[in-house]
Amino acid sequence: MRAGVIVFPGSNRDHDAFHTLTANLHVPTDLVWHDQTSLSAYDLIVLPGGFSYGDYLRCGAIARFSPVMAALKKFAADGGLVFGICNGFQILVEAGLLPGALIRNRNLRFICKTIALTTSTTNSPFTSKLIRGKLLNVPIAHGEGQYFADPQTLDELEAEDRIAFRYLDNPNGSARDIAGILNQQRNILGMMPHPEDACEPLMGSTDGLGIFESLITAVRQ
Amino acid sequence: MILTELEYEKVKTLLDREPTPTELGVFEVMWSEHCSYKSSRIHLKKLPTQGKYIVQGPGENAGVIGIGDGWLIAFKIESHNHPSYIEPFQGAATGVGGILRDIFTMGARPIAVMDSLRFGSIDQTRLINGVVEGIAHYGNCFGVPTVGGETVFEPCYSGNPLVNVFALGICREDEIFYAKASGIGNPVIYVGAKTGRDGIHGASMASAEFTEESKQKRPNVQVGDPFLEKLLLEACLEAMKTGAIVAIQDMGAAGLTSSSCEMGSRGGVGIDIDLDLVPQREPGMTAYEMLLSESQERMLLVAEKGREEEVFKVFKKWSLDAVTIGVVTPDGKLRIRHHGKIEAEIPNAALADEAPKYDRPHNVKPYRTAPLEAPAPVPDSKDLNADLLKLIGSPDLSSKRWIWEQYDYLVRSNTLAGPQAADAAVVRIKETDQSIAMSLDGNGRYCYLDPREGAKLAVAECCRNLATVGALPVAATNNLNFGNPERPEIMAQLVEAIEGIAEACTHFECPITGGNVSLYNETLGEGIYPTPVLGIIGLMKTEKPVPIAFQSEGASVILLGGFRDSSETEFGSSQYAKVILNQLWGTPPKLDMAYEKRVHEAMRTIVAEGLAESAHDLSDGGLAVTLTESCTSQLGATVQLNGHAAIAAFHEAPSRILLTTHAPEAIAEIAKTNSIDSVFIGVTIKARLQIHHGDKTLIDLPVESLKQTFEQSLPRQMKGAS
């Protein structure tokens, strides 16, 4: 298995994702500069957190025009696993790979804290090793994490079992407590919380490990 | 004119002629208090700067220590007080940006930020909100965790808020960079943001008192772009790896002027710059404007001749401007050309090293108006429950969660203890088995009553915070925030405080590696309390730091260091006197530095042996407040005190750490070995905090109401702030 963490100008949790994949999960991983035009060498692509292009205009709005995005779309269309975390989720939404939008937190402030998540579906390569309904303690760190979509889209997400995670105590005003969603093909996950920062006891939680372990299992099958 | 007549005469002597208007502007800014330290320099020499961990002391962009295995830590504190008052959001944001550049200029990647804030009152919501959002905006986007700090409110800061930002970075021993130009003929390269008309004379603004007209200085405040700074960081670190860079310095205060003349003077060489080549944001800028602009996110570097392309290639990758604007020359002069004309020609050393040094009069008593003795005997409180709730809900003592949750304190996955988790912030160094503990502290009330003792107490408190998580203090940085040094009674405060820091830093073996002096913190003649802020860093083994919070029911609650005495005179400096009695008198608590150090030794042994379940030092608000902060949503404690009830519960004598353990005998043994007191005062229990006194119960409250008051106070006050 080989993972790639895309580095956009302004990505800043690229290092966190890289560290967790290599040090905690022993997955060979590359940091991939955003000008790459092919991602076929990888089984998993992580779009990391941060402020790509300064999040100017809108979060993720400029990154979606980045050269690597065409390659990412092809990679995803070919069934590759794409995991967007925080800014990565925002980019996936801006790129149209996931539905809806991420708007400013309800309290209009950046929020960094550890919150509790529930796993809403185990039917995906990202969540197969998790236990449905069990609480996961994972940090959030975002200013624009309020998930928004029209009621029809939200109904569809629910009907198609595409809501991966929900907040226990909604910190940002997200519609239907949504913290993470899957695409229809279930090979793309976007989530606002940071499981990559919750993968070792020293960091106060290991609840993020299950997602990465699910991914490793999925690739090996 | 900003220079005094005598200073102007000195300029003429150094140049052997009248300065041009551009040259005069350059001298004005380089010889400003902010850039030249002209009032403080002779006293700063008293600070200890040598020690076994020190790699680079004062004089560079940041201090540097070695932590072994070939790794270095660069760290420093800087103030952005004046700009933050004029324009809170951008003032604070660019304060963060400036100190981050100081760190990565040295080749170090920033891995932690802390900030020390002072406001006049909680009612300054626009100011508080702006400063906090500014820090959050810059640090979060840049990708450095803001892991700790302090926020204090006193009316004396209402016209002069303090924004002091501490940053710390890591680099390899063989990859450190200095700002020392060398190599005649080497190109001088400008990188980063374009130069605009912002921040012109910012350094001069920071060197004068505020008056009615100060708001007009808003154009003197710079505008920050953290995204650009993030690119600059990555590009600089990558460019440094090429081996083609000889020297590098950020353009901070006094911009292009200070970076070029300081690099030149450190290397004993000249620098010749053509302003026509400088990337400019707008046309028609004069030489004066370009030289004094404090546009952010810019760096100046000297590369090896012939290897420019290697440097350009890296900056191009990061979409940043990088152009050769000058050359290193043998004549030791800063020469500025513009439109084919020489606009300035000044010996670098004249600007950087020949700045005036003043021994300002200070042989008077430091300024204070507070009485020495208590106006009346400290009354027996009718309701200590109410007193405690009022204290922990007060702006100084209530939880600052509302502030720090707006900061990303986790990015980079190194934060072992963030805000409110342990006594010191702790970040691990992944590449080694060591972690860095850090603490920021200053107490203006103490220093106002006695600047020397107050400064010593700040050093002691930082070191105690470090000891509480088991860390050994190794080095310090300081930010000296004072009023107008031309007033002898203010200068006396500054001198006393510096000497106090020198004494304590020598005693606790944490030399000063640099810092910042911010004077003229006065508005309409009203000065701030003397406020030296200490930032001290310590080394510890990478492991989960001992938390503040109680961990289990039935644990022994021990006061390491003992109750310690407090007289009514000392009680006048306490938070109880401030919040409950609305008064200030007396002296700061007495500090016995030898005893204090033994407490730290004992605490480190306790941590090393894994005996403490929780630990929290006693400081503002005394024992009752420390106990409250240690309570969790489920766990409280029941403890027994003696002496004057209010004083015993709330006095702030130093050298004390509250800890919980299941091995009280072992703790007693360690205390005995270190010749310090250690008192068993009670046990942890479910759900309540009870403080007994003889056969009376002073305080008995459910932890739920304590936590609610502690946590909800600040958000309630800031509600609706925007």
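Considerations on the overall build of chain A
Helix and strand counts for chain A come out as five helices and 11 strands. Taking 2.2 N^0.38 as the reference for a compact globule, 221 residues should give roughly 17 Å; the C-alpha atoms of chain A span a radius of gyration of 15 Å, in line with that estimate. The proportion of buried residues among the 221 residues of chain A is 55%. For chain A, contacts bridging at least 24 residues in sequence account for 76% of all contacts bridging at least 6.

So, the overall build of chain B
A tally of regular secondary structure across chain B gives 25 helices and 28 strands. Here the C-alpha radius of gyration of chain B, 26 Å, is about what a compact globule of 722 residues would show, namely 27 Å. In terms of its C-alpha atoms, chain B occupies a principal-axis envelope of roughly 90 × 50 × 50 Å. Buried residues in chain B amount to 63% of all 722 residues. The long-range share in chain B, meaning contacts at least 24 apart out of those at least 6 apart in sequence, stands at 85%.

Considering the interface of chain B and chain A
Interfaces are frequently sized by the accessible area removed from exposure as the parts join. Residue-level contacts link 22 residues of chain B with 21 residues of chain A. Within the residue set of the side of chain B that touches chain A, elements represented by two or more residues are helix H7 (125–142) and helix H9 (226–241) of chain B. Among the residues making up the side of chain B that touches chain A, the classes are represented as 10 nonpolar, five polar and seven charged.

A closer look at helix H18 (residues 488–507) of chain B
Since one α-helical turn is 3.6 residues long, residues separated by three or four positions face the same way. Here H18(B) is 20 residues long and its end C-alpha atoms lie 28 Å apart, about the 28 Å a rise of 1.5 Å per residue gives. Within H18(B), 14 of the 20 residues are buried, which leaves the element mostly enclosed by the surrounding structure.

So, the sheet that holds strand E21 (residues 531–541) of chain B
Residues and elements named next belong to chain B. Spatially, six strands are ordered E14-E15-E16-E21-E17-E18 in an open sheet, and the strand pairing comes out mixed. The open sheet has two edge strands with one neighbour each: strand E14 (415–417) and strand E18 (512–518). Neighbour-to-neighbour, the strand axes of this sheet turn through a mean angle of 20 degrees, independent of strand direction. As paired strands, strand E17 (residues 472–481) and E21 are joined by nine bridges and run antiparallel to one another. Bridged to Asn478 within E21 is Leu534.

Thoughts on the sheet that holds strand E1 (residues 54–56) of chain B
Residues and elements named next belong to chain B. Ordered in space as E1-E2-E3-E6-E4-E5, the six strands form an open sheet in which the pairing is mixed. This sheet does not close on itself; its edge strands, each paired only once, are E1 and strand E5 (146–153). Direction aside, neighbouring strands of the sheet carry axes that sit 20 degrees apart on average. With seven bridges connecting them, strand E4 (residues 109–119) and E5 associate as parallel partners. From the neighbouring strand, Phe119 faces E5, where its bridge partner is Phe153. Where H7 meets the sheet, it contacts E4, E5 and strand E6 (162–172), and its direction lies at approximately 175 degrees from that of E4.

A short note on the pairing of strand E23 (residues 612–617) of chain B
Residue and element names in this part refer to chain B. Burial analysis of E23 places five of its six residues in the buried class, the great majority of the element. Of the strand pairs in this sheet, E23 and strand E25 (residues 657–661) are connected by five bridges, and their pairing is antiparallel. Residue pairing across strands places Asp617 opposite Ile657, the latter belonging to E25.

A look at the nonpolar core
Residues and elements named next belong to chain B. One finds Ile73, Val459 and Val469 to be the most contacted residues of the largest nonpolar core, which totals 312 residues. At 11 residues, the largest contribution of residues to this core is made by H18. Setting aside chain neighbours within four positions, we find Ile73 in contact with Val64, Ile65, Ile67, Leu168, Ile170, Ile436 and Ile537.

Quick word on the environment of B:Glu613
Residue and element names in this part refer to chain B. Considering the arrangement of structural elements, one finds Glu613 in strand E23. Sequence separation between Glu613 and Leu698 is 85 residues, and the spatial gap between their C-alpha atoms is 26 Å. Once residues within four sequence positions are removed from consideration, Glu613 is found in contact with Gln551, Ser552, Ala555, Thr660, Thr661 and His662.

Some words on the packing of helix H17 (residues 451–468) of chain B against H18(B)
Geometry of a packed helix pair, given as the angle between the helix axes and the separation of the axes. Residue and element names in this part refer to chain B. Between H17 and H18, the least distance of the axes is 7 Å, while the angle of their chain directions is 35 degrees. In this structure, H17 meets H18 at a crossing whose hand is right-handed. On H18, the residues that touch Pro451, Arg452, Glu453, Ala455, Lys456, Val459 and Ala460 of H17 are Gln493, Glu496, Ala497, Glu499, Gly500, Ile501, Glu503, Ala504 and Cys505. The class makeup of the residues in the contact of H17 with H18 is eight nonpolar, two polar and six charged.

A closer look at the confidence of the model for chain B
Residues at a pLDDT of 70 or more form 97% of chain B, whose mean pLDDT is 94. For this predicted complex, the interface confidence score (ipTM) comes to 0.97, while the overall pTM stands at 0.96.

Scoring rules and cut-offs
- Residues numbered from 1 in each chain as written.
- Chains lettered and ligands numbered in written order.
- Predicted model: local features only at pLDDT ≥ 70, side-chain atom pairs only at ≥ 80, totals over all residues.
- Helix = DSSP H or I, 4+ residues; strand = E, 2+ residues; numbered from the N terminus.
- Rg over C-alpha atoms; globule rule 2.2 N^0.38 Å.
- Buried ≥ 20, exposed ≤ 12 C-beta atoms within 10 Å, placed from the backbone.
- Contact = placed C-beta atoms within 7 Å.
- Nonpolar A, V, L, I, M, F, W, Y, C, P; charged D, E, K, R; others polar.
- Expected span 1.5 Å × (residues − 1).
- Pairing = 2+ DSSP bridges.
- Axes fitted to C-alpha atoms, helices over the stretch in contact; angles between N-to-C directions.
- Core = buried A, V, L, I, M, F, W, Y, C linked by C-beta atoms within 7 Å.
- Left-handed = near helix turned anticlockwise from the far one by under 90°.
- pLDDT = per-residue confidence, 0-100.

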